[in-house]
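The primary structure of each chain is shown beneath.
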Amino acid sequence: MSDMRLIVAGAGGRMGRALTRAISETSGAVLTGALEAPGSELLGKDAGTLAGLPANGVLLSADLWSLSANADGILDFTVPGATIANVAIAAQRGLVHVIGTTGLSVSDDAVIKSVTSRAIVVKSGNMSLGVNLLAALVKRVAQSLDDGFDIEILEMHHKAKVDAPSGTALLLGEAAAEGRGIALGEHSARGRDGYTGARQTGDIGFASLRGGSVTGDHSVIFAGPYERIELSHRAEDRMIFAHGALKAAMWAHGKKPGFYSMADVLGLGDF
């Protein structure tokens, strides 16, 4: 089978550069396009050079339609508006669309799912293999413990992160809610401040910390009477997300159209 030809969206950003490096390190994958926002000062720059590699001749462009003419997939860690703009083109071209963008709204998710009758989408709030295993464990623990154990999710990221809770925290929250058989949107407690009253039984709480250069720390705490269970993951380098996204893209190549998650990629759907 020939190499999978991949476009990196947001190629000039931190994750985009990590994805470019990961592709260069991965047998069976090749960078065929580098997408950046219209008006970016990085347009026309060499993607390899930006990623700290030798020049590779792939220049940053704002024209996804042209880039996608000779591609098999797109790795998309951008911002919600850009991802939604990319969805229609990726679907029309028949690309595998791996989405790691966070901060997507319910309506954004609806748009993404609307194309999956004809497109292959792999979406996750975190592409790390370890985080997705953690989510499977959280689901299983939540299934095993009743609501006498309160669930709290704590996350910390670098000071430049613009959305909260993180996509990973929400991924873990969804796993916990699924394990409990409840809807996260109806049992989510965020932003406690002032006189809040007692904690509501069955709620899943979130706390977000921001500072320094933290790549991503997440803990899920099951707090019961006289004991606590804590499950944690600490990301030390964003390359873990890049390699996870590549694994997802190569797994999805040739799959039937549909909406997939990293749990599908890792075979954790029935865990």
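Look a little higher up for the structure.
Residues numbered from 1 in each chain as written. Predicted model: local features only at pLDDT ≥ 70, side-chain atom pairs only at ≥ 80, totals over all residues. Heavy atoms only, no water.

## Considerations on the overall build of the protein
Then step 1. Each helix and strand counted, the protein has 9 helices and 12 strands in total.
Then step 2. Relative to the compact-globule value of 18 Å for 271 residues, the protein shows a C-alpha radius of gyration of 19 Å, a close match.
Then step 3. For the C-alpha atoms alone, the extent of the protein along its principal axes is close to 60 × 40 × 30 Å.
Then step 4. Counting only residues that meet the buried cut, the protein has 48% of its 271 residues in that class.
Then step 5. In the protein, the share of contacts with a sequence separation of at least 24, taken over all contacts with a separation of at least 6, comes to 70%.
Then step 6. Summed over its atoms, the accessible surface of the protein is roughly 12,800 Å², and 52% of this surface lies on carbon and sulfur atoms.
Then step 7. Charge separation in the protein, taken as the distance between the mean sites of 24 positive and 28 negative side-chain charges, equals 3 Å. (Helix = DSSP H or I, 4+ residues; strand = E, 2+ residues; numbered from the N terminus. Rg over C-alpha atoms; globule rule 2.2 N^0.38 Å. Buried < 20%, exposed > 50% of the residue type's maximum accessible area, 1.4 Å probe, protein only. Contact = heavy atoms within 4.5 Å. Areas by Shrake-Rupley, 256 points an atom, 1.4 Å probe, with all protein chains shown as cover. Lys, Arg positive; Asp, Glu negative; His and termini not counted. Charge placed at Lys NZ, Arg CZ, Asp CG, Glu CD.)

## What to know about helix α4 (residues 80-93)
Then step 1. Over its 14 residues, α4 runs 20 Å from end to end, which matches the ideal 20 Å to within 8%, given 1.5 Å per residue.
Then step 2. Residue V87 marks the point of greatest curvature in α4, where the axis turns by about 25°.
Then step 3. For α4, every residue scored as buried is listed here: T83, N86, V87, A90 and A91.
Then step 4. Backbone geometry just downstream of α4 places G94 in the positive-phi region, at approximately 75°. (Expected span 1.5 Å × (residues − 1). Bend = angle between axes of the 7 residues up to and from the residue.)

## Considering the sheet that holds strand β1 (residues 4-9)
Hydrogen bonding along the main chain pairs the strands of a sheet, whether they run parallel or antiparallel.
Then step 1. Reading across from one edge, β3-β2-β1-β4-β5-β6-β12 is the order of the 7 strands in this open sheet, with parallel pairing throughout. In this open sheet, the two strands that pair with only one neighbour each are β3 (60-61) and β12 (258-260).
Then step 2. Relative to strand β6 (residues 120-123), strand β5 (residues 96-99) runs parallel, the two sharing 4 bridges. Bridge pairing in β6 places H97 opposite V121.
Then step 3. Running at roughly 165° to β1, helix α1 (residues 14-24) makes contact with β1, β2 (29-35) and β4 (73-76) of the sheet. (Pairing = 2+ DSSP bridges. Axes fitted to C-alpha atoms, helices over the stretch in contact; angles between N-to-C directions.)

## A few points about the pairing of strand β9 (residues 204-210)
Every regular strand shows the same layout, with side chains that alternate between the two sheet faces.
Then step 1. Relative to β9, strand β7 (residues 150-157) runs parallel, the two being bridged by 7 bridges. Its bridge partner being in β9, E155 is matched across the sheet by S208.
Then step 2. Relative to β9, strand β8 (residues 188-189) is paired through 2 bridges, and the arrangement is parallel. Residue pairing in the sheet places S188 in a bridge with I204 of β9.

## Things to note about the packing of helix α6 (residues 129-144) against helix α7 (residues 167-180)
Then step 1. Where α6 meets α7, the closest approach of the two axes is 7 Å, and the angle between their N-to-C directions is 30°. In terms of orientation, α6 lies roughly parallel with respect to α7. Read as a crossing pair, α6 and α7 show a hand that is right-handed. For the pair formed by α6 and α7, the contact residues are V131, N132, L134, A135, V138, K139, A142 and Q143 on the first element and T168, L171, L172, A175, A176, E178, G179 and R180 on the second.
Then step 2. Residue classes in the contact of α6 with α7 are distributed as 9 nonpolar, 4 polar and 3 charged. (Parallel < 35°, antiparallel > 145°, perpendicular 65-115°, else oblique. Left-handed = near helix turned anticlockwise from the far one by under 90°. Nonpolar A, V, L, I, M, F, W, Y, C, P; charged D, E, K, R; others polar.)

## What to know about the packing of α1 against helix α8 (residues 239-252)
Then step 1. Closest axis-to-axis distance for the α1/α8 pair is 9 Å, and the angle between their directions is 60°. In terms of their interaxial angle, α1 and α8 are classed as oblique. Here the hand of the crossing between α1 and α8 comes out right-handed. Along its contact with α1, which presents M15, A18, L19, R21, A22 and I23, the element α8 presents M239, F241, A242, H243, A245 and L246.
Then step 2. Class assignment of the residues belonging to the contact of α1 with α8 gives a composition of 10 nonpolar, 1 polar and 1 charged.

## What about the nonpolar core?
Then step 1. With 36 residues, the main nonpolar core has L6, L19, I23, L75 and V98 as its most contacted residues.
Then step 2. Mapped onto this core, the elements with two or more residues apiece are β1, α1, β2, α2 (47-50), β5, β6, α8 and α9 (262-265).
Then step 3. Considering every element that reaches this core, the biggest residue donor is α8, with 8 residues.
Then step 4. Those residues in contact with V98 that sit more than four places away from it in its chain are I74, L75, D76, V122, M127, A245, A248 and A249.
Then step 5. Judged by nonpolar contacts, the second largest core, of 20 residues, contains L172, A177, L184 and V220. (Core = buried A, V, L, I, M, F, W, Y, C linked by side-chain atoms within 4.5 Å.)

## Re the sheet that holds β7
Then step 1. Strands sit in the order β8-β9-β7-β10-β11 across an open sheet of 5 strands; the sheet is mixed. Every interior strand has two partners, whereas the edge strands, β8 and β11 (227-235), have only one.
Then step 2. With 9 bridges connecting them, strand β10 (residues 216-224) and β11 associate as antiparallel partners. By the bridge assignment, H218 is partnered in β11 with H233.
Then step 3. Across the sheet, α6 is in contact with β7, β10 and β11; its angle to β11 comes to roughly 165°.

All quantities given are derived from atomic positions and should not be read as evidence of function.
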